[in-house]
Amino acid sequence: MTRSYYIIKSLRDHLPFLILAFILLGALQTLLLTIVTTTQLFNFVRDFIQQLPQELQQFLGEEFIAQFSVKGAAAFGYNHPLVITFLIIVAIIFPSKHVAGEIENGTLELIFSMPIERFSITFSLWIVSVLAIFFVISGCWLGTFMSKLIFSQAEILPFSKILLIGINLAALMVCINAYTFLISSYSREGSKVALQAAGITLFFYFLNYIATIWSVVGFLKPISIFHYYQPQKLMMGEANLGKNLIVLGLLTFFLMLPTIYKINRRDIP
Amino acid sequence: MSIIKVEAVSKYYGPVVGVTDLSFSVEEGEIFGFLGPNGAGKTTTIRLLMQLLYPSQGRIFLFGKPIDRKDNFHREKIGYLPGEFTPYRNMSSLQFLNYMAKYRSNPPQLREQLLKRFDYTEQNLHQKIKNLSHGNRQKLGIIYAMEHSPELIILDEPTLGLDPLMQEAFYEILRELHESGKTIFLSSHNLPEVEKICHRVGIIREGNIVTVETIENLKKKRPRRLILTLPVQNSSKPPILPGTQLIEQAGNKFTYLIDGDIRSVLQELAQISIEDILFPEPDLEDIFLTYYQKNNS
């Protein structure tokens, strides 16, 4: 069902970027926790915010203040724009480059003229994407773990929670990866697919943001895939990870079905 | 046995017609040329054979079995060179050949021999593909298509970019593969090339098969042209040559289409004063003209 040589080749194609993301995001987690642990930032920010007008305090919200605690900073580390951006790139790059991109430059024609099923290539590429996403997230896990070791935060910072946040993040990225696959299966230009997928992701992100800060459109929240990833709430035990995983998992499944069908039946021009 | 059998196949890209009602067969062990100008539908037909495109109508049989979307059993026995061969640019030739060989169960038994025959050096093998010349890239494509000694070799414009020496080496390899029982299907827009190496030829134009002929028949039926240049002082009137048709006159240069016995033309030419005489190779348009005239009549 899978082609190991295809998986190895595809991973190798992006290895420098994946290693860079692994190191950079891992270092970011360590750095965030180091800052919070060594500077007593939580108390300083709490005191500062208490000086602000009541309306502004409400606007900033409790989550903002909480992220200056050790637990909050650890959760924020998995929601940092840099982390999200790098992971979105990883989620988008594989299907856009290796489906539409390879149709565009002619290499998929060579692969699909081989005695193999198209499904085995699609499935292998999906496996590659999932492995790459988990590889980069494992960099974050390593960064948090290093910080835990350095600052002996075993009691304050439960690593099991960090693992669950990482799994939820991976599910979100696999879902982004799935709609990129679907767009790619209908397209023949890799760069166009990447732009379209990035545009959809940005739309979901802002929809979730606006629905969070503006209660009038709060009912729109469940439409955004980012609603099913709340690291701060997961850290505090206020979110339902099972529900998040089921929604994102089902979405991925129903996006991958038409993708496989389309790639199996499409003409390779 | 027919190795390839195409039955009333049409391919439409929305309102655009790729090929229409295509029917022909290729027998085991023959070299079949697929001749047509650019945009005639040669590549579309080849992609249909390789299941990269799926027919809008009709059926294709390979090795005696109909092919459909699920089947890929026959591809193990096929070597394929696309019209635009674009391998992975960041691999070396050797990495590319080794990587693609993993998809096949047949070992690359002819690789060493082909590398030698095409003067593909050790340096070329380790050079990144993006740094290869067009000719070397085309050689790599031919080696890739043939190295596993497939029963059916499908080549789309294989000599594009090859220098004349390498073209000769390529023709020689094709003849040897044919002698060892391989079936070869190659497309070209070059009539002399097809005449040189093929046994039969299918001529395609605007998505339709014009004719399928043996090379002997094609040679017999193809029109001959004669371009005669007379000394300026004798060029006021075109000479009347038996069994010919004057099709063009430009100054002292006269172009005839020979449709009769060439010997009587030569006898007549011996009687007149000539500055220059040419018998050019007929081009594809001449061939199409012959068959259209025949079809219309």
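Residues numbered from 1 in each chain as written. Chains lettered and ligands numbered in written order. Predicted model: local features only at pLDDT ≥ 70, side-chain atom pairs only at ≥ 80, totals over all residues. Heavy atoms only, no water.

## A closer look at the domain arrangement of chain B
Heads up, the condition is: Each domain's extent was defined by an automatic or database domain assignment.
Considered domain by domain, chain B is made up of domain 1 (2–215) and domain 2 (223–281). For domain 1 of chain B versus domain 2 of chain B, the separation of C-alpha centres amounts to 41 Å.

## A few points about the layout of surface pockets
Rule in force here: Cavities and pockets are found on a 1 Å grid laid over the protein atoms alone: a cavity is a set of points where a 1.4 Å probe fits but cannot escape, a pocket is an open set with protein on both sides within 12 Å along at least five of seven lines, and a lining residue has an atom within 4 Å of such a point. Grid points are joined across faces, edges and corners, and a volume is the space filled by probe spheres set on the points. Numbered from the N terminus, helices here are DSSP runs of H or I no shorter than four residues, and strands are runs of E no shorter than two. We call Asp, Glu, Lys and Arg charged. Ala, Val, Leu, Ile, Met, Phe, Trp, Tyr, Cys and Pro are nonpolar, and the rest, Gly among them, are polar.
There is about 670 Å³ of room inside the second largest pocket. Of all elements in the fold, only helix H1 (4–13) and helix H6 (81–105) of chain A together with helix H2 (93–101) of chain B reach the threshold of two or more residues within the lining of the second largest pocket. Here the element with the most residues in the lining of the second largest pocket is H6(A); it accounts for seven residues. For the lining of the second largest pocket, a count of residues per class yields eight nonpolar, nine polar and nine charged.

## With respect to a nonpolar patch on the surface
Note the cut-off: Here a patch means residues that are over 30% exposed by relative accessible area and free of salt bridges, tied together within 9 Å if like-charged and within 5 Å if nonpolar (Val, Leu, Ile, Met, Phe, Trp, Tyr). For the accessible areas, the method is Shrake-Rupley and the probe is 1.4 Å, while residue cover comes only from the protein chains on display. Throughout this description, the term salt bridge denotes a Lys or Arg side-chain nitrogen within 4 Å of a carboxyl oxygen of Asp or Glu.
Taken together, the side chains of Leu202(A), Tyr205(A), Phe206(A), Tyr209(A), Ile210(A), Ile213(A), Trp214(A) and Val216(A) present a nonpolar region at the surface, about 800 Å² in accessible area. Along the chain, Phe206(A) turns up in helix H10 (residues 190–213).

## Some thoughts on helix H12 (residues 241–265) of chain A
Residues and elements named next belong to chain A. The condition that has to hold: What a helix should span is 1.5 Å times the count of its residues minus one. A simple rule labels every residue: compare its accessible area, found with a 1.4 Å probe on the protein chains alone, to the largest value its type can have, and call it buried under 20%, exposed over 50%, or partly exposed in between. Contacts are residue-level and defined by heavy atoms, with any inter-residue pair within 4.5 Å sufficient. Any N or O atom pair separated by 3.5 Å or less is treated as a polar contact, with the protein-specific requirement of one donor-capable and one acceptor-capable atom, and with residues adjacent in sequence counted only for side-chain atom pairs.
Between its first and last C-alpha atoms H12 spans 36 Å; for 25 residues at 1.5 Å apiece the expected length is 36 Å, and the two agree. All buried positions along H12 are accounted for by Leu241, Asn244, Leu248, Thr252, Leu255, Met256, Thr259 and Ile263. Buried residues in H12 make contact with H6, helix H7 (107–112), helix H8 (118–151), helix H9 (159–185) and helix H11 (231–235). The residue sitting at the N-terminus of H12 and contributing the capping side-chain oxygen is asparagine 240; that oxygen lies 3.2 Å from the backbone nitrogen of glycine 242.

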